[in-house]
Amino acid sequence: MKAASVVASAPARLLKRLLPALRAQPVLAACIGVLIIGGIVAWGIVQIGSRDRGVVIDLGGPLTFHPLPEMIADLKPSAKRSHHIKLTIVAQIPAQQAPQLAARVVVVVGGVQLRLRELAVAVVAGAAGAD
C-alpha cells in the first residue's frame, strides 16, 4: 500500500516543485498548457480515426440492375471556365424495390445532379473520380 501512495504522490510533488517556476514565467506555463491540450486533442483525433467505419446493409432478396436515364450536370465552375459531366448510372437494388425506384427516378436524378454541381473538376477526374 505504501508503494501505491508514493507513486500517486509523485505527480503532486512534481507539481509543487514546478508551480513556483510556472508562476514566475507565464510564457513557459502557457507553452506547457498548449502542449498538454495539443496532446489531448491529438489523442482524440487518433481515437476517432481508428473507429471502424464500415457499414453492412442487408438489402434482402435477389438483386437486380436498374439503369437510370443519362444525365448531364454542370460541375462547380473553375476560374477559367465552366465544366459539364455526362454520365449514366446503373443502380443495383433488390428486385422488390425496383418499382419504387422507377416511381421516384426524377427525385433520384435531381439529387445526383445537385450533388454533382457541388463537385470540382479535379474531384471527378481520373480513376478516383469514377468511383
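Numbers given for residues are sequential positions, taken from 1 along each chain in its written order. For this predicted model, a pLDDT threshold of at least 70 governs which residues receive local features, and a threshold of 80 or more governs which side-chain atom pairs are given and counted, while totals over whole chains, interfaces and linings are taken from all residues. No hydrogens and no water enter the side-chain calculation; it runs on all heavy atoms of the structure.

K.L.:
Whenever I open this one, the overall build of the protein confuses me. Can you help?
P.N.:
Runs of H or I in DSSP of at least four residues are treated as helices and runs of E of at least two as strands, each being numbered from the N terminus. Along the backbone of the protein there are 6 helices and 4 strands. Each helix (α) and strand (β) of the protein, taken in turn from the N terminus, gives the series α-α-β-β-β-β-α-α-α-α. Each residue gets one of three labels from its accessible area relative to the maximum for its type: buried under 20%, exposed over 50%, partly exposed in between, using a 1.4 Å probe on protein chains only. Each of the 131 residues in the protein was classed as buried or not, and the buried ones make up 14%. Whether two residues are in contact is decided by their heavy atoms, any of which lying within 4.5 Å being enough. Put simply, 62% of the contacts in the protein that link residues at least 6 apart link residues at least 24 apart. Values of accessible area rely on a 1.4 Å probe in the Shrake-Rupley scheme; residue burial ignores everything except the protein chains shown. By element, 67% of the accessible surface of the protein is carried by carbon and sulfur atoms, the whole surface being about 10,600 Å².

K.L.:
Help me understand the nonpolar core in this model?
P.N.:
Among soluble globular proteins, nonpolar side chains are generally buried collectively. Nonpolar cores were defined as sets of buried Ala, Val, Leu, Ile, Met, Phe, Trp, Tyr and Cys residues, with membership established by side-chain atoms within 4.5 Å. The biggest cluster of nonpolar side chains holds 8 residues, and these are L68, M71, A91, I93, A98, L101, V105 and V109. Every element with two or more residues in this core is listed here: β4 (90–94), α3 (98–103) and α4 (105–117). Apart from residues no more than four positions distant in its own chain, A91 is found in contact with T64, F65, H66 and L101. Counting 5 residues, the second-largest nonpolar core is a separate cluster that includes A73, L75, L116 and V124.

K.L.:
Whenever I open this one, α4 confuses me. Can you help?
P.N.:
Because an α-helix packs 3.6 residues into every turn, residues spaced three or four apart end up facing the same way. Helix length check: α4 (13 residues) gives 18 Å between terminal C-alpha atoms against 18 Å at 1.5 Å per residue, within 8%. Listing the buried residues of α4 in full gives V105, V109, Q113 and L116. Seen end-on, α4 carries its buried residues on one side only, within an arc spanning 65°. In this fold, the buried residues of α4 make contact with β2 (71–74), β3 (84–87) and α3. For a helix, the expected span equals 1.5 Å multiplied by the residue count minus one. The arc in question is the one traced by the directions running from the helix axis out to the C-beta atoms.

K.L.:
What is the right way to look at a nonpolar patch on the surface in this model?
P.N.:
The patches described consist of residues with a relative accessible area above 30% and no salt bridge, like charges being joined within 9 Å and nonpolar side chains (Val, Leu, Ile, Met, Phe, Trp, Tyr) within 5 Å. By definition, a salt bridge exists where a carboxyl oxygen of Asp or Glu is found within 4 Å of a side-chain nitrogen of Lys or Arg. Together, L28, I32, I36 and I40 make up an exposed nonpolar region whose accessible area comes to about 350 Å². Within the fold, I40 resides in helix α2 (residues 26–49). A relative accessible area of 55% places I40 in the exposed class.

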